[in-house]
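Per-entry structural report
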Amino acid sequence: MSVEPVPATEARPSSPRLALLPMIIFGSRWLQLPLYLGLIVAQCVYIALFLKELWHLSWHALDLTEQQIMMSVLALIDVVMISNLLVMVIVGGYETFVSRLDLQGHPDEPEWLGHVNASVLKIKLAMAIIGISSIALLRTFIEAGNLGSDRAGFTETGVMWQVLIHLTFVVSAIGIAFVDKLSDSGMRKHAE
C-alpha cells in the first residue's frame, strides 16, 4: 500500500472569500509596505554613516586620544544598535501587521521572529531604545570631564535632561512590560 504525497495546492486550505468592505479594510495593511521599504532605505543611510565613521576612525587612529577613540567606537555601536532597531521594526512589523514571511525552517530565521506579536515587538523596541539611550548617555558621561570648559558640548542642565529622558525610557519600558504581563495573565484566566 503506497501513500502518495498530497499536491501543494491541496495541502493548504482555501481561504474564505471576503465581502468587498472587509476585503478593502484587510487589504489596507499593504499600505504599510512603502513605510517598511522606506526604513530599508534609512538602513542604507545608516550603513553609509557607519562606513564614514569607521573610515574616520581608521584614518585618524594614530592621531586620536584614547577618549576620542572610545567616543568613535561608541558612535559605531550607536549606529549598529539603531540599525538593529530598524531590522526589528522592518521584519517584526511586516510579519505582525502586513504578511507572513514564511521563514520557518530557513537557516537564517531570526530566533525572536517565531514568537513575535505586537506586545513582544513593543517590549523589544523599548529595550532597544533604552540601549541606544544608554550609549548616548555613556558618551555624555565620558565627556562630563569637560563640563564648564570651552570644549564642553553640553551643560550640566543638558546632562540632567539626558538622564531624566533616559529614566523616562526605562520607566516606560517597565510600564509596557507590566501592562503586557497583566494583559497576558488576564487572557490566560479568561481562557480557563
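What you see is a predicted model, and the numbers here were worked out from it, not measured in a lab. (Residues numbered from 1 in each chain as written. Predicted model: local features only at pLDDT ≥ 70, side-chain atom pairs only at ≥ 80, totals over all residues. Heavy atoms only, no water.)

**Structural notes on the overall build of the protein chain**
A tally of helices and strands in the protein chain yields 6 helices and 0 strands. For the protein chain, the succession of helices and strands along the chain, N to C, is α-α-α-α-α-α. Residues counted as buried form 21% of the 192 residues belonging to the protein chain. Sequence-distant contacts in the protein chain: of pairs separated by 6 or more residues, those separated by 24 or more amount to 67%. Surface accessibility of the protein chain: about 14,100 Å² in total, with carbon and sulfur atoms responsible for 66%. (Helix = DSSP H or I, 4+ residues; strand = E, 2+ residues; numbered from the N terminus. Buried < 20%, exposed > 50% of the residue type's maximum accessible area, 1.4 Å probe, protein only. Contact = heavy atoms within 4.5 Å. Areas by Shrake-Rupley, 256 points an atom, 1.4 Å probe, with all protein chains shown as cover.)

**Observations regarding the environment of Ile82**
Tracing the backbone shows Ile82 in helix α4 (residues 66-98). Separated by 49 residues in sequence, Ile82 and Gly131 place their C-alpha atoms 9.3 Å apart. For Ile82, the contacting residues outside a window of four places in its chain are Tyr46 and Ile132.

**Observations concerning the layout of surface pockets**
Reported here for the largest pocket is a volume of approximately 160 Å³. Along its surface, the largest pocket is lined by Thr65, Gln67, Gln68, Met71, Glu143, Asn146 and Arg151. Sorting elements by how many residues they give to the lining of the largest pocket places α4 first, with 3 residues. When its residues are assigned to classes, the lining of the largest pocket shows 1 nonpolar, 4 polar and 2 charged. (1 Å grid on protein atoms, 1.4 Å probe; cavity = no way out; pocket = protein on both sides within 12 Å on 5 of 7 lines; lining within 4 Å. Points joined across faces, edges and corners; volume = space filled by probe spheres on them. Nonpolar A, V, L, I, M, F, W, Y, C, P; charged D, E, K, R; others polar.)

**Some remarks on helix α3 (residues 33-60)**
Counting along an α-helix, one turn takes 3.6 residues, and residues three or four places apart therefore face a common direction. Its 28 residues give α3 an end-to-end C-alpha distance of 41 Å, which sits within 8% of 40 Å, the value for a rise of 1.5 Å per residue. Within α3, burial applies to Tyr36, Gln43 and Leu57. Buried-residue contacts for α3 involve α4. (Expected span 1.5 Å × (residues − 1).)

**Focus: the confidence of the model for the protein chain**
In the predicted model, the protein chain carries a mean pLDDT of 83, and 87% of its residues have values of at least 70. When pLDDT is averaged over each element of the protein chain, α3 comes out on top at 94 and helix α1 (residues 8-11) at the bottom at 50. (pLDDT = per-residue confidence, 0-100.)

**Comments concerning the packing of aromatic side chains**
Applying the stated rule across the entire model yields 3 aromatic pairs. Taking 6.2 Å as the distance between ring centres and 75° as the angle between the ring planes, the aromatic pair formed by Trp30 and Tyr94 counts as edge-to-face. With Trp30 in the loop between α2 (20-27) and α3 and Tyr94 in helix α4, this residue pair connects regions lying 64 residues apart in the sequence. The exposure class assigned to Trp30 is partly exposed, which follows from its relative accessible area of 35%. Where Tyr36 meets Tyr94, the ring centres are 6.4 Å apart and the plane angle is 80°; that geometry is what we call edge-to-face. Highlighted residues: Tyr36 in helix α3 and Tyr94 in helix α4, separated in sequence by 58 residues. Each member of the pair, Tyr36 as well as Tyr94, is classed as buried. Chaining the aromatic ring pairs together yields one cluster made of Trp30, Tyr36 and Tyr94. Positioned above the aromatic ring of Phe26 is the side chain of Arg29, whose terminal nitrogen or guanidinium carbon lies 3.9 Å from the ring centre. (Phe/Tyr/Trp six-rings, centres within 6.5 Å; stacked < 30°, edge-to-face > 60°. Lys NZ or Arg CZ within 6 Å of the ring centre and 35° of its normal.)

**Some remarks on the environment of Leu103**
The residue Leu103 is located in the loop between α4 and α5 (118-143) in this model. Owing to a relative accessible area of 25%, Leu103 belongs among the partly exposed residues under this scheme. A sequence separation of 10 residues divides Leu103 from Leu113, and the C-alpha atoms of the two residues are 9.1 Å apart. Aside from chain neighbours lying at most four places away, what touches Leu103 is Glu109, Pro110 and Leu113.

**Comments concerning the packing of α4 against α5**
Contact geometry of α4 with α5 gives a least axis separation of 10 Å together with a crossing angle of 170°. Considering the angle they form, α4 stands roughly antiparallel to α5. Here the contact of α4 with α5 is built from residues that sort into 20 nonpolar, 5 polar and 4 charged. (Axes fitted to C-alpha atoms, helices over the stretch in contact; angles between N-to-C directions. Parallel < 35°, antiparallel > 145°, perpendicular 65-115°, else oblique.)

**Considering the side chain of His166**
Counting through the fold element by element, His166 comes out in helix α6 (residues 156-191). For His166, a relative accessible area of 11% puts it in the buried group.

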